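# Tertiary structure, described
Chain by chain, the residues:
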Amino acid sequence: QQQVKQSPQSLIVQKGGIPIINCAYENTAFDYFPWYQQFPGKGPALLIAIRPDVSEKKEGRFTISFNKSAKQFSLHIMDSQPGDSATYFCAANPSSNQFYFGTGTSLTVIP
Amino acid sequence: EPEVTQTPSHQVTQMGQEVILRCVPISNHLYFYWYRQILGQKVEFLVSFYNNEISEKSEIFDDQFSVERPDGSNFTLKIRSTKLEDSAMYFCASTGSGNEQYFGPGTRLTVT
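Residues numbered from 1 in each chain as written. Chains lettered and ligands numbered in written order. Predicted model: local features only at pLDDT ≥ 70, side-chain atom pairs only at ≥ 80, totals over all residues. Heavy atoms only, no water.

### Overview of the layout of surface pockets
Put simply, the largest pocket is a space of about 420 Å³. In this structure, the largest pocket is lined by 24 residues; those nearest its centre are A:Q38, B:Q37, B:L39, B:G40 and B:Q41. Listed by contribution, the elements that provide at least two residues to the lining of the largest pocket are β9 (86–92) and β11 (105–110) of chain A together with β9 (88–95) and β11 (107–111) of chain B. When its residues are assigned to classes, the lining of the largest pocket shows 9 nonpolar, 13 polar and 2 charged. (1 Å grid on protein atoms, 1.4 Å probe; cavity = no way out; pocket = protein on both sides within 12 Å on 5 of 7 lines; lining within 4 Å. Points joined across faces, edges and corners; volume = space filled by probe spheres on them. Helix = DSSP H or I, 4+ residues; strand = E, 2+ residues; numbered from the N terminus. Nonpolar A, V, L, I, M, F, W, Y, C, P; charged D, E, K, R; others polar.)

### Some points on the interface of chain A and chain B
Chain A puts 19 residues into the contact, and the matching count from chain B is 20 residues. Interface area for chain A against chain B, summed over the two sides, is near 1,600 Å², with a carbon-plus-sulfur share of 52%. For the interface between chain A and chain B, the tally reads 0 salt bridges. Where chain A touches chain B, the interface holds 5 residue pairs in polar contact (both at pLDDT 80 or more). For the side of chain A that touches chain B, the class distribution of residues is 7 nonpolar, 10 polar and 2 charged. (Contact = heavy atoms within 4.5 Å. Buried area = accessible area lost by both parts, 1.4 Å probe. Salt bridge = Lys/Arg side-chain N within 4 Å of Asp/Glu carboxyl O. Polar contact = N/O pair within 3.5 Å; in protein donor to acceptor, adjacent residues only side chain to side chain.)

### Points about the nonpolar core
With 24 residues, the main nonpolar core has A:F33, A:W35, A:I64, A:F73, A:L75, A:Y88 and A:L107 as its most contacted residues. The greatest single-element share of this core, amounting to 4 residues, is contributed by β9(A). Aside from chain neighbours lying at most four places away, what touches A:L107 is A:L11, A:V13, A:P19, A:I77, A:D84, A:S85, A:A86 and A:Y88. Core analysis: the next-biggest nonpolar cluster, separate from the first, contains 22 residues, B:F61, B:F75, B:I79 and B:L109 among them. (Core = buried A, V, L, I, M, F, W, Y, C linked by side-chain atoms within 4.5 Å. Buried < 20%, exposed > 50% of the residue type's maximum accessible area, 1.4 Å probe, protein only.)

### Describing the pairing of strand β7 (residues 62–67) of chain A
All names here are of chain A. Where strand β6 (residues 56–59) and β7 come together, 4 bridges link them in antiparallel fashion. Residue pairing in the sheet places E56 in a bridge with S65 of β7. Two successive antiparallel strands, β6 and β7, enclose a turn made up of 2 residues, where G60 displays a positive phi of approximately 65 degrees. Where β7 meets strand β8 (residues 72–77), 6 bridges bridge the pair, whose relative direction is antiparallel. Paired with F66 across the bridge in β8 is F73. In this structure, the hairpin formed by β7 and β8 is closed by a connection of 4 residues, where K71 is found at a positive phi of approximately 55 degrees. (Pairing = 2+ DSSP bridges.)

### Section: the sheet that holds strand β3 (residues 19–24) of chain B
Two orientations exist for strands paired in a sheet by backbone hydrogen bonds: parallel and antiparallel. Residues and elements named next belong to chain B. Taken together, 4 strands build an open sheet; the order of strands is β1-β3-β8-β7 and the sheet is antiparallel. Two strands lie at the open edges of the sheet, namely β1 (5–7) and β7 (65–68), each paired on one side alone. The average angle at which neighbouring strand axes cross in this sheet is 20 degrees, direction not considered. The sheet contact formed by β3 and strand β8 (residues 75–79) spans 5 bridges and is antiparallel. Residue pairing in the sheet places C23 in a bridge with F75 of β8. (Axes fitted to C-alpha atoms, helices over the stretch in contact; angles between N-to-C directions.)

### Describing the state of the cysteines
Applying the stated rule across the entire model yields 2 disulfides over all chains. Across the disulfide, A:C23 is cross-linked to A:C90 (sulfur-sulfur distance 1.9 Å). When the S-S torsion is -95 degrees, as for the bridge of A:C23 with A:C90, the disulfide is left-handed. With A:C23 in strand β3 (residues 20–25) and A:C90 in strand β9, the pair connects residues that are 67 residues apart, well separated along the chain. With relative accessibility at 2%, the residue A:C23 sits in the buried group. Through a disulfide, B:C23 is tied to B:C92; the S-S separation comes to 1.9 Å. As the torsion about the S-S bond is roughly -60 degrees, the B:C23-B:C92 disulfide counts as left-handed. Taken together, the residues span a long stretch of sequence, with B:C23 in strand β3 and B:C92 in strand β9 at a distance of 69 residues. (Disulfide = S-S within 2.5 Å.)

### Considerations on the sheet that holds strand β1 (residues 4–7) of chain A
All names here are of chain A. Reading across the sheet, the 5 strands line up as β1-β3-β8-β7-β6 and stay open at both edges, with antiparallel pairing between neighbours. Each edge of the open sheet carries a strand with a single partner, namely β1 and β6. If you compare each strand with its neighbour and ignore which way they point, the axes differ by 15 degrees on average. Here β1 pairs with β3 via 4 bridges, running antiparallel.

Next comes the structure, spelled out in structure tokens:
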């Protein structure tokens, strides 16, 4: 059973565009939602995270939008750059130990 | 900046052999994890470890796997009898008192 569903699988945008990656979950016990960025051959790196008591969090060019009633959250990358080309994973954590990861989105930003 | 380290970066082993993957989590962190990522696929949870014992494990973490914290700094994953399908990147991660989870650079395991 896929605890966290992520879409799209891949995304291509022009430099300066705003890619949006979406995730959905079912388990209402989840209370922490991080996004990770992974470059080829590297480990996932924590990018930004949100808790369900806020609807939006912004850090630099990265924004998470959170819709608690719809059980969805999304990552927006403002003014995207070729260096943002990577795989992005959403995840969810229910205050226990296990983190549940989405299936990943491969982002390509064309110069 | 503190970071999670892992050794070796690449391990090649023959089917049926035992391997030990090593990790040094961030020093003041309390929770430790192992994940697996088959090439091009998602990150899969294997096991979490807290207070010197396993706190959660997934279906993937069967009897051929074990974890250990042999001293105050290292955290190891042992695969007793490797299979071809164990070939993957293995990531160690740790969290402190909050939820922020930090990953190591991974060990690429190739089973031939």
